[in-house]
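# Observations on the model geometry
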Amino acid sequence: MTGFSRSRAVAVVAALALAGPAVAAPPAAAQAGPAAAPNAVITWNVHAQTAIYEVARQSPTATARSFAMVQGAVYDAVNAIAGTPYEPYLVAPRGRPGDSTAAAVAAASYRVLLSLFPAQADALRVRYDESLAAIPDGPSERGGVAVGEAAAVAMIAARVDDGAFSDATWRVGTEPGQWRPTPPDFLQAGAWFATLKPFVIGDPDDFDTPGPPALTSTAYARDLNEVKAVGSATSTVRTADQTEAAIWWDDYRMVEWQITRQLAATHRLSALQTARMFAMVDMAAVDTLIACYKEKKFWSFWRPVTAIPLADTDGNPATTADPAWTPLRTTAPSTEYPSGHACFTSATMTALRSFFGRDNLSFSAYSADSGTTRHYGSLAAAAAELVGARVWAGVHYRTASVDGDRLGRVVTRDVLGQAFGPR
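Residues numbered from 1 in each chain as written. Predicted model: local features only at pLDDT ≥ 70, side-chain atom pairs only at ≥ 80, totals over all residues. Heavy atoms only, no water.

## A short note on the overall build of the protein chain
Counting its secondary structure elements, the protein chain contains 15 helices and 2 strands. Taking 423 residues into account, the globule formula puts the C-alpha radius of gyration at 22 Å, and the protein chain, at 22 Å, falls close to it. Of all intrachain contacts in the protein chain linking residues separated by at least 6 positions in sequence, the fraction that spans at least 24 positions is 81%. For the protein chain, the accessible surface area stands at approximately 16,600 Å², while carbon and sulfur atoms represent 56% of it. Charged side chains in the protein chain number 35 positive and 39 negative. The centres of these two groups are separated by 3 Å. (Helix = DSSP H or I, 4+ residues; strand = E, 2+ residues; numbered from the N terminus. Rg over C-alpha atoms; globule rule 2.2 N^0.38 Å. Contact = heavy atoms within 4.5 Å. Areas by Shrake-Rupley, 256 points an atom, 1.4 Å probe, with all protein chains shown as cover. Lys, Arg positive; Asp, Glu negative; His and termini not counted. Charge placed at Lys NZ, Arg CZ, Asp CG, Glu CD.)

Right, here's the structure in full:
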């Protein structure tokens, strides 16, 4: 495996030509006019979340694949109707001027979601019929549906036999530093993502991480003692705000989904701009997670909930065992290094920064787990807090989150250097 410096990551050409007009406020006269039609891309992204997570309850890794499939098809459909100003992801279905973008979005989303969740056919059909009912019957609607269906067919075909949901398992060890299943359920999950076929990048082996610190090192002792102190369920040094952040970021109803939709709405992005931004974010996230899980499989490092009770076996005089230690949040059933959530959030924030061409964006999101809304004034601030939040939750060492954040930035630059650019 090669190092970060030898990855194929390249700088993104020309930060989105449409980003300037997209973020400008409309004139006062426009604000006083009739309400704009709902953004079909946002509407169907919400429907996708309902199917993917609220009903199917897919894991965070599985949801990344599903969202990428939906938003990739939507992007190809909307881009085609707009005259293909950007490089298609898979195809540029043939259409006519005047084909309905809303119909194309509905058809692309519906067909991909139906292929993923056939048991939800009735509920998905209701949402699809509602969308088409709002569009006048005629050639425009029929043309949009045809374009959307063609984009969906291409996406579904591209993901056949991609390695999803295989019976792969994590390597279980018994020596100090080696991963083993964690309480409370001692499960295994997500190992198949390490060998999933990428969406954009050529070879996940082009992206490496330095690896966790040696057990006998000062860096490892620092990492373990930090999470032991601030990540404990009964920590007396973790602040109330850190506790809230740890829970807020750990919500499986990913706050990143809300953030992306909110930015599209508050910046009044067009359907094309929204489709492109969502595809950039979701493709970057899924490929980053593939590279991230490949690294998890390679390093197979133990979690704090295993390491802290067994610290008297790690050979490091600066660590001490606490057999009764438990983390604030439940540890995911996967290996520790690097942090998958840090990889995912970094990819999301890096893609958004590329799309808007700046970091100082204001946004917020609500978490049902914490029951609170958190606000941010920049993408960098959110990404930095996530790094700390995984430690405060007691589920990762700081090095795993720092290196996951770095991996996310590198893979995302590679993804966006290859896809979604102007033609």
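Having seen it, we continue.
## Structural notes on the pattern of salt bridges
Scanning the entire structure with this criterion turns up 19 salt bridges. With its nearest N and O atoms 3.1 Å apart, the salt bridge here joins Asp241 to Arg374. Of this pair, Asp241 sits in helix 9 (residues 240-249) while Arg374 is found in strand 2 (residues 372-376), placing the two residues 133 residues apart along the sequence. Using a relative accessible area of 8% as the deciding quantity, one classes Arg374 as buried. (Salt bridge = Lys/Arg side-chain N within 4 Å of Asp/Glu carboxyl O. Buried < 20%, exposed > 50% of the residue type's maximum accessible area, 1.4 Å probe, protein only.)

## A short note on the environment of Pro183
Structurally, the position occupied by Pro183 is in the loop between helix 7 (139-158) and helix 8 (218-230). With 123 residues separating them in the primary sequence, Pro183 and Thr306 have C-alpha atoms 8.8 Å apart.

## Points about the side chain of Asn316
Tracing the backbone shows Asn316 in the loop between helix 12 (304-307) and helix 13 (340-356). Overall, Asn316 belongs to the buried group, its relative accessible area being 7%. With near-sequence residues (within four places) excluded, Asn316 lies in contact with Leu215, Thr216, Ser217, Tyr220 and Ala221.

## Brief notes about the pairing of strand 2
With 5 bridges joining them, strand 1 (residues 363-367) and strand 2 adopt antiparallel strand pairing. Looking at strand 2, one finds that Phe363 is bridged to Tyr376. In sequence, strand 1 turns back onto strand 2 through a hairpin of 4 residues, with Gly371 there showing a positive phi of about 70°. (Pairing = 2+ DSSP bridges.)

## So, the side chain of Gln273
When you line up the elements, Gln273 lands in helix 11 (residues 271-299). Exposure remark for Gln273: the relative accessible area of 7% places this residue in the buried category. A polar atom in the side chain of Gln273 sits 2.7 Å from the backbone nitrogen of Ser270. (Polar contact = N/O pair within 3.5 Å; in protein donor to acceptor, adjacent residues only side chain to side chain.)

## Regarding the confidence of the model for the protein chain
Averaged over all residues, the pLDDT of the protein chain is 92; the fraction at 70 or higher stands at 91%. Low pLDDT, under 50, characterises residues 1-33; the predicted model gives this stretch 59 contacts beyond four residues in sequence or across chains. (pLDDT = per-residue confidence, 0-100.)

## Structural notes on the packing of aromatic side chains
With the rule as written, the count across this model stands at 19 aromatic pairs. Taken together, a centroid distance of 5.0 Å and an interplanar angle of 80° make the contact between Tyr75 and Phe420 edge-to-face. Within this pair, whereas Tyr75 is found in helix 4 (residues 60-81), its partner Phe420 is found in the segment after helix 15 (398-418), the two being separated by 345 residues in sequence. Judged by its relative accessible area of 1%, Phe420 is buried. A centroid spacing of 4.7 Å and a plane angle of 40° characterise the contact between Phe165 and Trp192, whose relative ring orientation is tilted. Linking Phe165 in the loop between helix 7 and helix 8 with Trp192 in the loop between helix 7 and helix 8, this pair joins segments that are 27 residues apart in sequence. Stacked on the ring of Phe199, the Lys or Arg Arg159 has its end atom at 3.6 Å from the ring centre. (Phe/Tyr/Trp six-rings, centres within 6.5 Å; stacked < 30°, edge-to-face > 60°. Lys NZ or Arg CZ within 6 Å of the ring centre and 35° of its normal.)

## Observations concerning helix 8
Over its 13 residues, helix 8 extends 18 Å from the first C-alpha to the last, a length consistent with the 18 Å expected when each residue adds 1.5 Å. Where helix 8 is buried, its residues contact helix 12, helix 14 (379-392) and helix 15. (Expected span 1.5 Å × (residues − 1).)

## Looking at the packing of helix 5 (residues 101-116) against helix 6 (residues 121-133)
Taken N-terminus to C-terminus, the directions of helix 5 and helix 6 make an angle of 175°; their axes are 10 Å apart at the nearest point. As judged from the angle between their axes, helix 5 and helix 6 are roughly antiparallel. Where helix 5 approaches helix 6, its residues Ala103, Ala106, Ala107, Tyr110, Leu113 and Leu114 are matched on the opposing element by Ala121, Leu124, Arg125, Tyr128, Ser131 and Leu132. Taken together, the residues that form the contact of helix 5 with helix 6 break down as 10 nonpolar, 1 polar and 1 charged. (Axes fitted to C-alpha atoms, helices over the stretch in contact; angles between N-to-C directions. Parallel < 35°, antiparallel > 145°, perpendicular 65-115°, else oblique. Nonpolar A, V, L, I, M, F, W, Y, C, P; charged D, E, K, R; others polar.)

## Quick look at unusual backbone geometry
Note the cis peptide between Pro183 and Pro184, where omega equals 10°. Structurally, the position occupied by Pro184 is in the loop between helix 7 and helix 8. Cis geometry is adopted by the peptide bond preceding Pro338, which originates at Tyr337 and carries an omega value of -10°. Notably, Arg57 is not glycine yet its phi reads approximately 55°, a positive angle. With respect to the helices and strands, the residue Arg57 is situated in the loop between helix 3 (40-55) and helix 4. For Arg57, a relative accessible area of 47% translates into the label partly exposed. Of note in the backbone geometry, Ser300 takes a positive phi value of approximately 45° without being a glycine. Along the chain, Ser300 turns up in the loop between helix 11 and helix 12. Looking at Ser300, the relative accessible area reads 6%, which means it is buried.

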